[in-house]
Amino acid sequence: LELPEVSGGFSTVRIVFSKSVKEARALKHVERKPATEWHLRNEIDINLFVTHPNIARLYDVYDNTSSVHMVFELCNGGDLAKRLVLEKIFSEPDALIV
């Protein structure tokens, strides 16, 4: 089974499957760099602290000297930024399901 992988400026995200809970999750892979170490640590700390139904939950962090892997709740809704550009205006009912 080949699953899609998405790359951004600092990370790569792919869909993985948790055998223990039998659910798909999002695995974010970030290469460690001295210039971004503070931002990486800050992202982890904030995501571990915040719990909100509209924010993807961070389940686990696997850390080594060269990279960090973060296991997030999988959100299948697509790219919100692209949808905002296309739609421009959302009705209140539409905004609830975005």
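Look up a bit, the structure's there.
Residues numbered from 1 in each chain as written. Predicted model: local features only at pLDDT ≥ 70, side-chain atom pairs only at ≥ 80, totals over all residues. Heavy atoms only, no water.

1. Some remarks on unusual backbone geometry
Selection rule: Going along the chain from the N terminus, every DSSP run of H or I of four or more residues is numbered as a helix, and every run of E of two or more is numbered as a strand.
One non-glycine residue, Lys22, lies in the positive phi region at around 55 degrees. Among the structural elements, Lys22 can be located in the loop between strand S2 (11-18) and strand S3 (23-31).

2. Describing the side chain of Asn47
For clarity, the cut-off: The definition of a polar contact used here is a pair of N or O atoms within 3.5 Å, where within protein one atom must be able to donate a hydrogen and the other to accept one, and adjacent residues in sequence count solely through side-chain atom pairs.
Within the element layout of this structure, Asn47 appears in helix H1 (residues 37-49). Of note is the side chain of Asn47, whose polar atom sits 2.8 Å from the backbone oxygen of Glu43.

3. What about the pattern of salt bridges?
The criterion, for reference: For this document, the term salt bridge refers to a Lys or Arg side-chain nitrogen within 4 Å of an Asp or Glu carboxyl oxygen. Each residue is assigned to one of three classes by its accessible area relative to the maximum for its type, calculated with a 1.4 Å probe on protein chains only: buried under 20%, partly exposed between the two thresholds, exposed over 50%.
In this structure the tally under the stated criterion is five salt bridges. Residue Arg32 pairs with Asp63 through a salt bridge whose shortest N-O separation is 2.1 Å. Here Arg32, found in the loop between S3 and H1, pairs with Asp63, found in strand S4 (residues 58-63); they are 31 residues apart in sequence, far enough to count as distant. For Asp63, a relative accessible area of 44% translates into the label partly exposed. The residue Arg41 makes a salt bridge to Asp45 at a minimum N-O spacing of 3.5 Å. Within this pair, Arg41 and its partner Asp45 are both found in helix H1, separated by four residues, close to a single helical turn. A relative accessible area of 40% places Asp45 in the partly exposed class. Within the structure, one salt-bridge network assembled from shared partners comprises Arg32, Glu37 and Asp63.

4. Observations concerning H1
The condition that has to hold: Helix span, expected: 1.5 Å multiplied by one less than the number of residues in the helix. Regarding the arc, it is the one traced by the directions from the helix axis to the C-beta atoms. The contact rule is simple, with two residues in contact once any of their heavy atoms fall within 4.5 Å.
Taking 1.5 Å per residue, 13 residues should reach 18 Å; H1 reaches 18 Å between its end C-alpha atoms and fits that length. Taken residue by residue, H1 has Leu40, Ile44 and Asn47 as its buried positions. Mapping the buried residues of H1 onto a view down its axis gives an arc of 75 degrees, with all of them on the same face. Opposite the buried face of H1, at more than 90 degrees from it, the exposed residues are Trp38 and Phe49. Where H1 is buried, its residues contact S3, S4 and strand S5 (67-73).

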